[in-house]
Amino acid sequence: MSISKEVVEKHGLTQIEFQKICELLKRAPNLLELGVFSAMWNEHCSYKSSKIHLKNLPTKGKVVVQGPGENAGVIDVGDNQAIVFKVESHNHPSFIEPYQGAATGVGGIMRDVFTMGARPIANLNSIHFGSPDHSKTKNLLNGVVQGIGGYGNCVGIPTVGGETHFDESYNGNILVNAMTVGLANKDKIFYSKASGIGKSVIYVGSKTGRDGIHGASMASAKFDNKAEEKKPTVQVGDPFTEKLLLEACLELMQDDSIISIQDMGAAGLTSSSVEMAAKGKLGIELNLEKVPCRELNMTPYEMMLSESQERMLIILNSGKESKAKKLFEKWNLDFAIIGKTTNTKNLTLKFNNKKVGEIPIDLLSNKAPLYNRKWSKTKLPKKNSKSKNLNKIKILDSLKRIISHPNICSKEWVWKQYDHTVMGDTIQKPGSDSGVVRIHKTNKGIASTIDTSADYCSAHPLTGGKQVVCESWRNLISVGAKPLAITNCLNFGNPEKQKNMGEFVECVNGIAEASKYLDYPVVSGNVSFYNETNEKSIKPTPAIGGVGLIKNIDKMITMNFKKKNSDIYVIGRTNGHLDQSIFAREILGEKKGPPPEINLFNEKNNGTTLLELIDKNLILSAHDISSGGLLIAIAEMCIKGKIGALIKKPKTLINPIEYFFSEDQSRYIVEINNDNVENITNILNKNSVFFEKIGNTQENNLFIQDELDLSIDEIEKLNNSWFRKYIN
Amino acid sequence: MLSSVIVFPGSNCDRDMAVALEKFGFKNSMVWHNDTELPKTDLIVLPGGFSYGDYLRCGCIGSKSKIIEKVIEFANKGGLVLGICNGFQILVEAGLLPGTLLRNKYLRFICKDVYLKIKNNSNTFYSKFKKDIIKLHIAHNEGNYFVKNDELKKLQDKNQIAFEYCDINGEVSESSNPNGSINNIAGVFNDNQNVLGMMPHPERMIDKYLSGNDGSLFFNNIKHKLSI
């Protein structure tokens, strides 16, 4: 059968790419081979548009055990313990089928982590929806939240953090980014690199069905009005099987049975077998009739391209087959020897002893196209003039509107649907600056957070990229954790458009600059392009997942005000930058101007100094100032602690509105005991950190002379009612 | 003191329960659902989770596991059996406890701290409690307890209601009912009061770092009772 233009197009390949395949193979591929090429050469699997820019990210550091390129990144947290973590997008499928799309996103990222020998100990997610008024948003929100919960709750991994955002730029493309943090022994990490010739290739887990065929290609294409017709490309999740697979794999990993292991994620059997062979510089031969199938008469093409979930490919040491088989049977999982490693360096596909396809591995991995796409720079926007008359605006009204805004308000409605306490080690719950889980049976804590700043990235990608790394760093510092490393999920529009490609390049450069400066390396990640519908793309939305270590959980900090009559200090300077703030958008109706500037020196200095204060037990509570500004941060600390605060207006020249609602960076609010003031100010001065006292905690009310006197109950109500009203 | 935690495919609070039992002095064994014999034991715990994925009906397939026959035998001889969350659902499906657990009233999974009013203070599980309101954690999708009126009356008459959801002051009302359970019931005993099923998770509240410590009261009390 010859391959027509239409068939090539349907596989998401360009005619030029098809020509390249023919040249490399020195013949035309058959349909199965074309399918395999399309699975490996699509944007999602090949990183063909992003690779040359991702090289700019710093990926090495003292704590890095394994950087990008494996199933997940690995960092050293001492005592022979390693943290394995990664974030991944499931945007396209979640828009088409929110429950299953989100659920399988969670399932996929957990498999990436336990594939490496780590037991997942925390899940997080970052989800972005269109405007609340958009007709699809409510349904998508419900479906995604229930899907994330449905999967994570069943497997029994606590969901300890995340974020939920609404913005009209996601009307046609929602974002679902799922992150998993796992714990392994540092000397017992499993990798995907195959080795040895004639070793058994084992298929375990669920049977292969016809679901998710071309899922990775779908995730590499933009949408139009017919997006829903792509439903059959969405996989269906079975968290119960995932739980069994998790336990069975971790049990098999106890001894030396496994040479290498890889989950069948995007592009299923194709990408898992090719990646294992490519890394080991080997060949692999698969006998496809041996693949356990859910449906009758499945063709080799369907088997190779199915993205059925909860499946793993394992290369076993010789002689371990019967023991492994017994173990998987105990867990009621399918087990089949479907092939072997070879020295041919080819992917050889057989069906009932007949060769049905053969492709040199090299062509699928290293020879995949690489693009240096054109991109355009975004100029730093001019500062918005201060023409607006801020004096007419009331602090009280602004506070009320911002604290109840869907992007600022409490997300309890969301995270109450996620089991966040299973495993019995959650010591800081969702709704905090970072989620913290204790490393089981130790006094160490792992803090994790996931953050985005699409408005800043959209206004100026380079600054936005820096900012989101700093935001993540700050969230970890605020709980008393030393930031160690990050994973990123880069959600962007169409890379074939210069503007979108430019947003990507500059955000990546911003991320690189900040993470290098903060010694906060990138150890894993994922790129999601083509978040575009009918030519309208999302705002550039890189998500940063950060992990930090609390060496002694007795020193962990929470954000709730602890008692009356403590002093409240701001660490970091407030300059009054309102452009791109929630206040500017919601109260002034103003979308122009640059995002707040990032000064990496101050960021690092303020953060490490706060960690020093925390380490010396001088801090009662801390919270970083982010979206919404200073007053919102204080209100949040009041709500959590059910304690009020008396706040003074600034003595500086800054207008009180700018002072209270600007989103200047590198700032924290801290609550301290008056006895410690001298000690603390000495340390801050010694480190040249800017700080100021802004008030005291008190009973009941948040109070600013002549401006504001609100009971904490009332603020809490404002903060906590949006979701319930919206959903009902 | 010996305890046994039954592990079903899909259990996910089995480890947490074992950790709690060991912390309070039990020598614990994990018992696989397919086993046909129980080890020597003073207490059997059916842990939380999603046995068999909660497919068909929560706890239904789990209640047909081989080991359940032995658990029933053990219970009928007066042995102490505790079912938490999915374990409660299994006990109900196995016929060891009355009633049934329906989908939560608002059709959503709920994970939060709740206050519980202790209704029965004369049983083996927690007769020594000094408090009559405790704080525990719930995390479930099907915790909406239901029994028919005549059965409810029997439960009340025979003092078989273990806990009711209440507020911080002990007020039992619709607003303190997280899942729609009839009469705010959070846990029930069998006739002999040697089998207890409850939706809240005491094993998640056993040290000061977690959101509370009232689970410790629970385990300490069972230990105390068993050692007399």
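Here goes a summary of the coordinates provided.

Conventions adopted
For every chain, the first residue of the written sequence is number 1, and numbering continues from 1 along that sequence. The order in which chains are written sets their letters, starting at A; the order in which ligands are written sets their numbers, starting at 1. In keeping with the predicted nature of the model, local features appear solely for residues at pLDDT of at least 70, side-chain atom pairs appear and are counted solely at 80 or more, and the whole-chain, interface and lining totals rest on all residues. As a rule here, side-chain values cover all heavy atoms of the structure and leave hydrogens and water aside. By definition, residues are in contact when any of their heavy atoms lie within 4.5 Å. Salt bridge, as used here, is a side-chain nitrogen of Lys or Arg placed within 4 Å of a carboxyl oxygen of Asp or Glu. Nitrogen and oxygen atoms within 3.5 Å of one another constitute a polar contact, given that in protein one can donate a hydrogen and the other can accept it, and given that sequence-neighbouring residues count only through two side-chain atoms. Helix and strand definitions follow DSSP, with helices as H or I runs of at least four residues and strands as E runs of at least two, each counted in order from the N terminus. Throughout this description, buried means an accessible area under 20% of the type-specific maximum (1.4 Å probe, protein chains only), exposed means over 50%, and partly exposed covers the range between. Strand pairing is assigned whenever DSSP detects at least two bridges linking the two strands. The crossover handedness rule: strands pointing away from the viewer, path from first strand over the helix to second strand clockwise, crossover right-handed. Note on geometry: axes are lines fitted to C-alpha atoms, helical ones only across the stretch in contact, with angles between N-to-C directions running from 0 to 180 degrees. Ring geometry is summarised as follows: Phe, Tyr and Trp rings, the Trp one being its six-membered ring, pair when their centres sit within 6.5 Å, and such pairs are stacked at plane angles under 30 degrees, edge-to-face over 60 and tilted between the two. The criterion is that NZ of a Lys, or CZ of an Arg, lies within 6 Å of the ring centre and within 35 degrees of the ring normal, and then a charge sits over that ring.

Considering the interface of chain A and chain B
In step 1: Counting residues at the interface gives 33 residues for chain A and 28 residues for chain B.
In step 2: Ionic pairing is found between lysine 429 of chain A and aspartate 113 of chain B, a salt bridge with its closest N-O pair at 3.5 Å.
In step 3: Counting across the chain A and chain B interface gives 15 residue pairs in polar contact (both at pLDDT 80 or more).
In step 4: A per-element tally of the side of chain A that touches chain B places helix H8 (residues 137-155) of chain A first, with five residues.

Thoughts on the pairing of strand S17 (residues 482-491) of chain A
Regular strands have side chains that alternate between both faces of the sheet.
All names here are of chain A.
In step 1: Burial of S17 is extensive: nine of the 10 residues sit out of reach of the surface.
In step 2: Bridge count between S17 and strand S21 (residues 541-550): nine bridges; the pairing is antiparallel. Opposite leucine 490, over in S21, you have proline 542 as the bridge partner.
In step 3: What joins S17 to strand S18 (residues 522-528) is helix H19 (residues 498-517), and the crossover it makes is right-handed.

A short note on the sheet that holds strand S22 (residues 567-571) of chain A
All names here are of chain A.
In step 1: The strand order S23-S25-S22-S26-S24-S27-S28 describes an open sheet built from seven strands, whose pairing is mixed. The open sheet has two edge strands, strand S23 (621-624) and strand S28 (708-711), and neither has a second partner. Recorded for the sheet is a direction-independent mean angle of 20° between the axes of neighbouring strands.
In step 2: The pairing of S23 with strand S25 (residues 668-672) spans four bridges and is classified as antiparallel. Each bridged residue has a counterpart across the sheet, and for serine 621 the counterpart in S25 is glutamate 671.
In step 3: Its contacts with the sheet place helix H15 (residues 395-403) against strand S27 (701-704) and S28, and it is angled at close to 35° to S28.

Considering the packing of aromatic side chains
In step 1: Taken as a whole and assessed by the stated rule, the structure comprises 21 aromatic pairs over all chains.
In step 2: For the ring pair tryptophan 473 of chain A and tyrosine 520 of chain A, a centre distance of 6.1 Å and an interplane angle of 65° mean the geometry is edge-to-face. One end of the pair, tryptophan 473 of chain A, is in helix H18 (residues 461-477); the other, tyrosine 520 of chain A, is in the loop between H19 and S18, and 47 residues separate them in sequence.
In step 3: When the centroid spacing of 5.2 Å and the interplanar angle of 20° are considered together, the rings of phenylalanine 583 of chain A and phenylalanine 661 of chain A count as stacked. One end of the pair, phenylalanine 583 of chain A, is in helix H20 (residues 582-586); the other, phenylalanine 661 of chain A, is in helix H23 (residues 656-661), with 78 residues separating them in the sequence.
In step 4: For phenylalanine 583 of chain A, a relative accessible area of 0% corresponds to the buried category.
In step 5: Judged by relative accessible area, which is 0%, phenylalanine 661 of chain A ranks as buried.
In step 6: For the cation-ring pair, lysine 330 of chain A lies above tryptophan 32 of chain B, with the distance from its terminal atom to the ring centre recorded as 5.0 Å.

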